Structures are given as structure tokens and as C-alpha cells.
Amino acid sequence: MHMTLRHPYEDHQLRFDQHERPYRVVDALRLESLLRQLIAEDSFPLLGDTEWVGRAVARLTGGKNSWITDRALRQVATEGMAATTGL
């Protein structure tokens, strides 16, 4: 999984390939929820910080996947952001 972050002056290629195992579908959905929340809160510049991205993605992986609802995804994203940014 990878993405390109476009900034007015430069592009950043972000790769999410440093984990020991492949991502589950629920992990990809959690990442999408985190990205949506970052954009909604105008915090997307955090994606330029590779250390922050690594911590955030690590917080999103694992855990239960029995309840994959919008609310559950938003909650995991909120908790991940709070844990990685100290909010």
C-alpha cells in the first residue's frame, strides 16, 4: 500500500510496507478513516512526517474487526490521532 501526498512545492511518496505481515481489509479501512479525519481537521500536513505516519499506522493495525461501522472506524482513527499527536 502506498500513496502520494501532494504539497504545493513537493511530492512525498508514502509507503506503508514496513510491517511484519500484510494488511487486513479492516486495517485499510481504518487507514482510510484516519486520512478522512486528517483532511476534515485540516491536519493532513502530518502525513509529511514519516515517523508520525509510522506510529499512526501501527496504532491502527491489529485489534478486533467484528464491528466495521463508520462510527467504529472514526473512533479508532480519533484514538490513533490522539495517541500519536498527544491530543
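Let me sum up the structure you'll find in this document. Residue positions are counted from 1 within each chain, in the order its sequence is given. In view of the model being predicted, local features appear only for residues whose pLDDT reaches at least 70, and side-chain atom pairs are presented and counted only at 80 or more, with totals across whole chains, interfaces and linings using the full set of residues. Note: side-chain values were computed over all heavy atoms of the structure, leaving out hydrogens and water.

Concerning the overall build of the chain
Phase 1: Per the convention used, a helix needs a DSSP run of H or I reaching at least four residues, while a strand needs a run of E reaching at least two, with both numbered from the N terminus. In terms of helices and strands, the chain carries three helices and two strands.
Phase 2: Put simply, the chain runs from its N terminus to its C terminus through helices and strands in the order β-β-α-α-α.
Phase 3: Accessibility here uses a 1.4 Å probe with only protein chains present; expressed as a share of the type maximum, an area under 20% marks a residue as buried, one over 50% as exposed, and anything in between as partly exposed. Taking all 87 residues of the chain together, the buried fraction comes to 30%.
Phase 4: Taken as a whole, the chain presents about 6,200 Å² of accessible surface, with 52% of it coming from carbon and sulfur. The Shrake-Rupley method, run with a 1.4 Å probe, gives the accessible areas here. Residue values count only the displayed protein chains as cover.

Side note on the nonpolar core
Phase 1: Here, nonpolar core refers to any group of buried Ala, Val, Leu, Ile, Met, Phe, Trp, Tyr and Cys residues whose side-chain atoms link them within 4.5 Å. Counting 12 residues, the largest nonpolar core is built from Leu31, Leu34, Leu35, Leu38, Leu47, Trp52, Val53, Ala56, Val57, Leu60, Ala77 and Met81.
Phase 2: Among the elements that take part in this core, helix α2 (residues 50–60) stands out by supplying five residues, more than any other.
Phase 3: Excluding its chain neighbours within four sequence positions, the residues that come into contact with Ala77 are Ser33, Leu34, Gln37 and Leu60. In this analysis, two residues are considered to be in contact whenever any of their non-hydrogen atoms come within 4.5 Å of each other.

Some words on the environment of Gly48
Phase 1: Relative to the helices and strands, Gly48 resides in the loop between α1 (25–40) and α2.
Phase 2: A relative accessible area of 37% places Gly48 in the partly exposed class.
Phase 3: In this structure, the C-alpha to C-alpha distance between Gly48 and Asp11, residues 37 residues apart in sequence, is 9.3 Å.

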